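Fold and contact review
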Amino acid sequence: MRKIAIINQKGGTAKTTTAVNLAAALADRDRKVLLVDMDPQGNISTWFDVTPHKSLYHLLVEETTIPQECITPVRERIDVLPSTKTAAQAELILTGLPGRERVLSRKLAKLSGYDFVLLDCPPSLNLLNQNAIVYADEAFIPVSMDYLALVGVRQMLENLKMVHEILEHQIDITLVIPTFYDGRNRKSREVLEKLELHFDGKVTEPIRANVRLAEAASYHQTIFEYDPNSHGARDYK
């Protein structure tokens, strides 16, 4: 079971879009996927129009809660462990506890039946993100084609190094995913070149800027359901 944190310190880099559509593409290849929403904004729940009875908050805070009670099937071979604004309250509750960075790892220790666990992380190094990083073995970093996103990547690398040193957990950056790419735009080409220079061999083909990706979310669909012939669908596939 591959455990992958989809993460960047900067907001607006298509982390949730990447998590949802990567899950859909994997499910289409007969892989079973669990999407874990680590963001109190609950974007994955909104995307799939899920109103959970129990969420990440209950899993992290209530000792008697098990993962299966919080997981909701949303598509064939895709399940969601949803988040709501109460996740922010969970973070406050966990702050004073020993081993607070490893609560998610402890709660999901016996999780099985999935080929991939994709963790959609908020754009900060808060306690929820630390839990996601300590649980995951790998990181995928979506990077939008602008200078501030490169700054976010630099901050992310520093934070992953800190987690490795302080919490003694190694997480490998296995893919860097350029998003909102427009080959006609010099800025896009320059940012892509810098990524390829710094992350040799780890940069994927870019996800091209495509309004259909945003439209799909508003219809609570993956890009493969909404417009399977779009650039967005072809790129994520």
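These numbers were taken from a predicted model, which means no experiment stands behind them.

Turning next to the pairing of strand 2 (residues 33-37). Counting buried positions along strand 2 gives five out of five residues, so the element sits mostly inside the fold. Residues V33, L35 and D37 line one face of strand 2 and the alternating positions L34 and V36 line the opposite face, and both faces are buried. In the sheet, strand 2 pairs with strand 4 (residues 78-81) via four bridges, with the strands oriented parallel. Its bridge partner being in strand 4, V33 is matched across the sheet by I78. Here strand 2 runs beside strand 5 (residues 116-120); their pairing, made up of five bridges, is parallel. The residue bridging L34 from the neighbouring strand is V117, located in strand 5.

Before going further, it helps to spend a moment on the packing of aromatic side chains. Counted according to the given criterion, the structure contains one aromatic pair. The interplanar angle of 25 degrees and the centroid separation of 5.3 Å between the aromatic rings of Y219 and Y226 together place this pair among those described as stacked. Judged by relative accessible area, which is 53%, Y219 ranks as exposed. Between K3 and the ring centre of Y135, over which it is positioned, the NZ or CZ distance is 4.6 Å.

Put simply, side chains in a regular strand alternate between the two faces of the sheet. Both strand 3 (residues 72-75) and strand 4 contribute to a ladder of three bridges, which runs antiparallel. Bridge pairing in strand 4 places T72 opposite V80. In textbook terms, the turn of a hairpin is the stretch between consecutive antiparallel strands, and for strand 3 and strand 4 this stretch comprises two residues, one of which, R77, has a positive phi near 70 degrees.

Here we come to the sheet that holds strand 7 (residues 172-179). Strand order across the open sheet formed by seven strands is 3-4-2-5-1-6-7, with mixed pairing between neighbours. Because the sheet does not close on itself, it has two edges, and the strands there are strand 3 and strand 7. Averaged over all neighbouring strand pairs, the angle between strand axes comes to 25 degrees, with direction disregarded. Sheet strands touched by helix 8 (residues 147-167): strand 6 (138-144) and strand 7. Its angle to strand 6, the strand with the most contacts, is close to 160 degrees.

At A14, a residue that is not glycine, the phi angle is positive and equals roughly 75 degrees. Here H220, not a glycine, exhibits a phi torsion of approximately 60 degrees, which is positive. Here H220 lies in the loop between helix 10 (211-218) and helix 11 (223-226).

Turning next to a negative patch on the surface. Judged by side-chain charge, E193, E196, D200 and E205 come together as a negatively charged surface patch. Examined against the element boundaries, E193 turns out to sit in helix 9 (residues 186-198).

Turning our eyes to something else, we now look at helix 9. The terminal C-alpha atoms of helix 9 lie 19 Å apart, and with 13 residues this matches the ideal 18 Å at 1.5 Å per residue to within 8%. Those residues of helix 9 lying buried are S188, V191, L192 and L195. Looking straight down helix 9, one finds its buried side chains confined to an arc of 100 degrees; they lie on one side. The exposed residues of helix 9 that point more than 90 degrees off its buried face are R186, E193, K194 and L197. Residues of helix 9 that are buried make contact with strand 6, helix 8 and strand 7. Two or three places before K187, at the start of helix 9, stands the capping residue N185, its side-chain oxygen 2.7 Å from that residue's backbone nitrogen.

What follows is about the nonpolar core. The biggest cluster of nonpolar side chains holds 50 residues, and the ones touching the most others in it are L81, L104, L119 and L195. Sorting elements by how many residues they give to this core places helix 8 first, with seven residues. L81 has contacts with L34, L35, V36, D37, S55, L56, L59, C70, I71 and L108, leaving out every residue within four places of it along the chain. Of all hydrophobic cores here, the second largest spans 29 residues; its members include V20, L26, V33 and W47.

Conventions and cut-offs
Residues numbered from 1 in each chain as written. Predicted model: local features only at pLDDT ≥ 70, side-chain atom pairs only at ≥ 80, totals over all residues. Heavy atoms only, no water. Buried < 20%, exposed > 50% of the residue type's maximum accessible area, 1.4 Å probe, protein only. Helix = DSSP H or I, 4+ residues; strand = E, 2+ residues; numbered from the N terminus. Pairing = 2+ DSSP bridges. Phe/Tyr/Trp six-rings, centres within 6.5 Å; stacked < 30°, edge-to-face > 60°. Lys NZ or Arg CZ within 6 Å of the ring centre and 35° of its normal. Axes fitted to C-alpha atoms, helices over the stretch in contact; angles between N-to-C directions. Contact = heavy atoms within 4.5 Å. Patch = residues over 30% accessible without salt bridge, like charges linked within 9 Å, V, L, I, M, F, W, Y side chains within 5 Å. Areas by Shrake-Rupley, 256 points an atom, 1.4 Å probe, with all protein chains shown as cover. Salt bridge = Lys/Arg side-chain N within 4 Å of Asp/Glu carboxyl O. Lys, Arg positive; Asp, Glu negative; His and termini not counted. Charge placed at Lys NZ, Arg CZ, Asp CG, Glu CD. Expected span 1.5 Å × (residues − 1). Arc of directions from axis to C-beta. Polar contact = N/O pair within 3.5 Å; in protein donor to acceptor, adjacent residues only side chain to side chain. Core = buried A, V, L, I, M, F, W, Y, C linked by side-chain atoms within 4.5 Å.

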